[in-house]
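Secondary and tertiary structure notes
Read off the chains here:
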Amino acid sequence: MLIKKIQIQSYSGILLAVLYGVVLRVLRESFDVSIENFIFIFVAPVIISLIPVCYATTGIYRSKLKLFFYPFFSTLLFLIICSVSSWQDFPVFLLLGLPFYIIAGVVGVLVGGVVKEQNSKGLK
């Protein structure tokens, strides 16, 4: 039971980013909300995906691959859900968004390093 709870907590950032993408897509279609802001498109999904990293119980900060790919995939999934309307849009978002995905991954590694440092100081 505890293992499933930790797995759900560790993937909660990606799930919240996907939910955020669905909400923005519905708002954009229903209420004509503009999301062409840099913060809504790239910064918010990265911050949302890093929420589980900040909690020591998930243990995500121990793996650099998870620290890199959680924000990477959450931003990618957010953009796919929120912005891609057809299959022709998908390669464009992959190629043009690649620098932002890499930056999101690097930010994840940096935040994980800070959390790891704080946890090591708290344990001593």
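Residues numbered from 1 in each chain as written. Predicted model: local features only at pLDDT ≥ 70, side-chain atom pairs only at ≥ 80, totals over all residues. Heavy atoms only, no water.

**Focus: the overall build of the chain**
When you go through the chain residue by residue, the secondary structure sums to five helices and zero strands. Ordered by position in the sequence, the α and β elements of the chain form the string α-α-α-α-α. In the chain, buried positions account for 34% of the 124 residues. Considering only contacts in the chain between residues 6 or more positions apart, those separated by 24 or more positions represent 76%. Just so you have it, the chain exposes about 7,900 Å², and 73% of that area is on carbon and sulfur atoms. (Helix = DSSP H or I, 4+ residues; strand = E, 2+ residues; numbered from the N terminus. Buried < 20%, exposed > 50% of the residue type's maximum accessible area, 1.4 Å probe, protein only. Contact = heavy atoms within 4.5 Å. Areas by Shrake-Rupley, 256 points an atom, 1.4 Å probe, with all protein chains shown as cover.)

**Points about the environment of L98**
Structurally, L98 is set in helix α5 (residues 89-123). For the pair L98 and L76, spaced 22 residues apart in sequence, the C-alpha separation works out to 9.0 Å.

**Some words on helix α2 (residues 12-31)**
Here α2 spans 27 Å end to end across 20 residues, near enough to the 28 Å set by a 1.5 Å rise per residue. Inspection of α2 places G13, I14, A17, Y20, G21, L24 and R25 among the buried residues, and these make up the whole buried set. Relative to the axis of α2, the buried residues are bounded by an arc of 135° and lie together on one face. Opposite its buried face, α2 presents the exposed residues L15, E29 and F31, each directed more than 90 degrees away. (Expected span 1.5 Å × (residues − 1). Arc of directions from axis to C-beta.)

**Regarding the packing of α2 against helix α4 (residues 64-83)**
Angle between the axes and distance between the axes: these two values describe a pair of packed helices. As a packed pair, α2 and α4 sit with axes 8 Å apart at the nearest point and diverge in direction by 20°. Relative to α4, α2 is oriented roughly parallel. In this structure, α2 crosses over α4, and the sense of that crossing is right-handed. Contact residues: I14, A17, V18, Y20, G21, V22, L24, R25 and R28 in α2; Y70, S74, L77, F78, I81, C82 and S83 in α4. (Axes fitted to C-alpha atoms, helices over the stretch in contact; angles between N-to-C directions. Parallel < 35°, antiparallel > 145°, perpendicular 65-115°, else oblique. Left-handed = near helix turned anticlockwise from the far one by under 90°.)

**Examining the nonpolar core**
The biggest cluster of nonpolar side chains holds 13 residues, and the ones touching the most others in it are Y20, L24, F78, L79 and Y101. The element contributing the most residues to this core is α4, with five residues. Among all residues touching L79, those that are not within four sequence positions of it are I41, F42, V84, F93 and Y101. Among the nonpolar cores identified, the runner-up in size contains seven residues, and L50, Y61, A104 and V115 belong to it. (Core = buried A, V, L, I, M, F, W, Y, C linked by side-chain atoms within 4.5 Å.)

**Focus on α4**
In this model α4 runs 29 Å from its N-terminal to its C-terminal C-alpha over 20 residues, within 8% of the 28 Å that 1.5 Å per residue would give. Turning to α4, its buried residues number three or more, namely L67, Y70, P71, F72, S74, T75, L76, F78, L79, C82 and S83.

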